[in-house]
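Observations on chain architecture
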Amino acid sequence: MMSEKQPLLKIDELRISFNTYAGKVQAVRGVSLTLHAGEVLAMVGESGCGKSVTAQSILQLNPVPPTVVEGGSITLEGKDLLKYSDAEMRKIRGHEISMIFQDPMTSLNPTTRVGKQITEAILKHQKVSRKEAYSRAVDMLRMVGLSNPEQRMRQYPHEFSGGMRQRAMIAMALVCNPKILIADEPTTALDVTIQSQIVDLLLDLRQKLGTAILIITHDMGVVADIADRVAVMYAGVVVEQGSVRDLFYHPRHPYTWGLLDSIPKLDHSDEPLIPIQGTPPDLLNPPKGCPFAARCDYCMAVCHDHLPEETEAGEGHTVRCWLQHEFAPHVNNRFEREDK
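Attention here is on the structure that accompanies the text.

Rules used throughout
- Residues numbered from 1 in each chain as written.
- Predicted model: local features only at pLDDT ≥ 70, side-chain atom pairs only at ≥ 80, totals over all residues.
- Heavy atoms only, no water.
- Helix = DSSP H or I, 4+ residues; strand = E, 2+ residues; numbered from the N terminus.
- Buried < 20%, exposed > 50% of the residue type's maximum accessible area, 1.4 Å probe, protein only.
- Contact = heavy atoms within 4.5 Å.
- Areas by Shrake-Rupley, 256 points an atom, 1.4 Å probe, with all protein chains shown as cover.
- Lys, Arg positive; Asp, Glu negative; His and termini not counted.
- Charge placed at Lys NZ, Arg CZ, Asp CG, Glu CD.
- Salt bridge = Lys/Arg side-chain N within 4 Å of Asp/Glu carboxyl O.
- Axes fitted to C-alpha atoms, helices over the stretch in contact; angles between N-to-C directions.
- Parallel < 35°, antiparallel > 145°, perpendicular 65-115°, else oblique.
- Left-handed = near helix turned anticlockwise from the far one by under 90°.
- Nonpolar A, V, L, I, M, F, W, Y, C, P; charged D, E, K, R; others polar.
- Pairing = 2+ DSSP bridges.

For the rest of this paragraph, the subject is the overall build of the chain. Within the chain, the regular secondary structure consists of twelve helices and twelve strands. Along the longest, intermediate and shortest principal axes, the C-alpha atoms of the chain span 70 × 50 × 45 Å. Across the 340 residues that make up the chain, the buried fraction comes to 51%. Considering only contacts in the chain between residues 6 or more positions apart, those separated by 24 or more positions represent 66%. For the chain, the exposed area adds up to about 16800 Å²; of that, 51% sits on carbon and sulfur atoms. Counting 36 positive and 42 negative side-chain charges, the chain places the averaged centre of each group 10 Å from the other.

In structure tokens, the structure reads:
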């Protein structure tokens, strides 16, 4: 769902570090992304690649110290959020941009009824009566598929199942009709059936409310189900981004190939999964060249010494890889296939 208009959210050359006792961890190293109104953008990559740090920086949720923003900008409809004070950001959080965290049990207050938590979110951002806020909260719980919403309003988080808590978190995040919803691995702790229900719910709510969604995941199955565009991150760098069709039918980066290889194949259930050998680089001392070079089967000398520039691999499809250079040897891309 691409738009020719200006993006709703734009991250430009964002660089974030953490000052630790061992030194400076360069967690995000020049990330640039855009999110358009009503679009679903998925950020994928293994743990520690910088996905959550990037997303949390949008709402200034990374703790200071040790977080240091080294450079870049994050603009919401032309407003640079990195220049906002904490008081100004409190007006943005939950109102214009909301976030669903990985573990709803640690995000919901265990000592407060679910209904009160949702109602307070409405009263904080909108000038309505407590009665109207309560009614809206009930309606939102019903919209996210919770049965007997009036009863659920009176219950505590520990009385909800994992899937119900995630639905309650989604209700709380969307109750003020934000322009953007950030979902940080919203299906990770759930079983496969509930995962599918949550994905369907997010798509349904996107359709009804027009909310743009930035979803963080390492599950390529979720990406295929929900995303319009995908950004693949590795060691704090976006190594490839494009439409969901680009990533599944025309992937260009060897790391993306590795992610696709790790997907279980139902028609070859007896075959072992193919892991990506090796470990990610130490971001206390990141490599000066391509961050994936040490684990790449197609690594060349230039990969160790120089970080590749972002190159166009198609309309809206970009990749950082020396294999895209005109002088690079040809590599057979077994993932390349015709769109269905």
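Another point: the pattern of salt bridges. Enumeration over the complete set of coordinates arrives at 14 salt bridges. For Glu132, the salt bridge identified is with Arg136, shortest N-O distance 3.0 Å. Taken as a pair, Glu132 and Arg136 lie in helix α5 (residues 130-143) at a separation of four residues, close to a single helical turn. Owing to a relative accessible area of 36%, Glu132 belongs among the partly exposed residues under this scheme. The exposure class assigned to Arg136 is partly exposed, which follows from its relative accessible area of 29%. As a salt-bridge pair, Glu150 and Arg142 come within 3.3 Å of each other at their nearest N and O atoms. In this structure Glu150 comes out as partly exposed when scored by relative accessible area, which is 37%. Of the residues examined, Arg142 reaches a relative accessible area of 42% and is grouped as partly exposed.

The interhelical angle for the contact between helix α7 (residues 162-174) and helix α8 (residues 192-209), taken along N-to-C directions, is 15°, at an axis separation of 11 Å. What the angle tells us is that α7 and α8 run roughly parallel. Between α7 and α8 lies a crossing whose hand is right-handed. Residues Gly163, Gln166, Arg167, Ile170 and Leu174 of α7 lie in contact with α8, whose contacting residues are Ile194, Gln197, Ile198, Leu201, Leu202, Leu205 and Leu209. Looking at the contact of α7 with α8 residue by residue, the class counts come to eight nonpolar, three polar and one charged.

Relative to the helices and strands, Ala294 resides in the loop between α11 (254-261) and α12 (301-305). On the basis of relative accessible area, Ala294 is assigned to the exposed category, the value being 75%. Put simply, Ala294 and Gly242 are 52 residues apart on the chain and 25 Å apart in space, counted from C-alpha to C-alpha.

This paragraph deals with the side chain of Glu96. Here Glu96 is to be found in the loop between α2 (86-92) and β6 (97-100). Residue classification places Glu96 among the buried positions, given a relative accessible area of 13%. Excluding anything up to four places from it in sequence, Glu96 contacts Leu76, Glu77, Lys79, Pro178, Lys179 and Ile180.

If you trace the eight strands from one edge of the open sheet to the other, you get β6-β7-β8-β3-β9-β10-β12-β11, paired in mixed fashion. Pairing within the sheet leaves two strands with one partner each, and these edge strands are β6 and β11 (311-314). Adjacent strand axes in the sheet meet at a mean angle of 20°, parallel and antiparallel pairs treated alike. The pairing of strand β9 (residues 229-234) with strand β10 (residues 237-243) spans six bridges and is classified as antiparallel. When the sheet's bridge partners are listed, Val230 is paired in β10 with Gly242. Packed onto the sheet, α7 meets β6 and β7 (180-184) and runs at close to 170° relative to β6.

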